[in-house]
Amino acid sequence: MQEDKQSAILLGYSGHALVVTEAALLNSIILIGYADYKPPALNPYQLSYLGDETESDFEYWHLYEHYILGVGSNVIRAKIAERVKAHGGTCLTIIHPDASLAKLIKIGAGTFIARNVAVNPLAEIGQNVILNTSCSIDHECHIADNVHIAPGAVLAGNVKVGKGAFIGANAVIREGISIGKEAVIGAGSVVVKDVPPKKIVAGNPSKRIK
């Protein structure tokens, strides 16, 4: 859990960012405001708009050190994280207080762990990962950078998930399975065989979608 009264800028402020914002506030983080390509119509947390972080005159790169990733897309989130690093900033790891985490795990910078997530011993979670609401990561799973595990997904023990992969809501991944880089697992899928990089699978049991 983050230190009290730490300040940060939220990067992105649409759907997924609202979930991240709640968790950040519950961790006593002060949100200075948010950056996005334009202000959204919905602003339930009444955050200040700071501008577009892609613009050359975005002054806040030089004023603050800490940033929070509020983007659900793996590709866009990875690009934003690289932008933060290039400007000498740090992406904070945000963990909802209601998550259940074993002691013997590793979690990379910029990762978000949502409400009711369970992570069991010897799991390794990379950087800029999203472990979304109520997903379950069992023992000795390895999740690479920029992965998104959607709500309710279940990873049995020793599952390996490659960089930039997406696992849909309520999907179930059998023990020992490897999910390749940038692969996509459809919602509700049951995966019983390894999935090659950049392939899309769905169904029960899951099958490759052309």
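Every value quoted in this text rests on a predicted model; they were computed, and no experiment measured them. (Residues numbered from 1 in each chain as written. Predicted model: local features only at pLDDT ≥ 70, side-chain atom pairs only at ≥ 80, totals over all residues. Heavy atoms only, no water.)

1. Description of the pairing of strand β3 (residues 66-69)
In step 1: Both faces of β3 are covered, namely the face carrying His-66 and Ile-68 and the face carrying Tyr-67 and Leu-69.
In step 2: Where strand β1 (residues 7-11) and β3 come together, three bridges link them in parallel fashion. For Leu-11, the partnering residue across the bridge sits in β3 and is Leu-69.
In step 3: Here β3 pairs with strand β4 (residues 90-91) via two bridges, running parallel. (Buried < 20%, exposed > 50% of the residue type's maximum accessible area, 1.4 Å probe, protein only. Helix = DSSP H or I, 4+ residues; strand = E, 2+ residues; numbered from the N terminus. Pairing = 2+ DSSP bridges.)

2. As for the pattern of salt bridges
In step 1: This structure, assessed with the given rule, holds four salt bridges.
In step 2: Here Glu-22 ties to Arg-115 by a salt bridge, and the two come within 2.8 Å at their closest N and O atoms. Of the two residues, Glu-22 is situated in helix α1 (residues 15-26) and Arg-115 in the loop between β8 (112-113) and β9 (118-119); the sequence distance between them amounts to 93 residues.
In step 3: Residue classification places Arg-115 among the partly exposed positions, given a relative accessible area of 29%.
In step 4: Here Glu-182 ties to Lys-198 by a salt bridge, and the two come within 4.0 Å at their closest N and O atoms. Taken together, the residues span a long stretch of sequence, with Glu-182 in the loop between β19 (178-179) and β20 (184-185) and Lys-198 in the loop between β21 (190-191) and β22 (200-202) at a distance of 16 residues.
In step 5: Since its relative accessible area comes to 58%, Lys-198 is described here as exposed. (Salt bridge = Lys/Arg side-chain N within 4 Å of Asp/Glu carboxyl O.)

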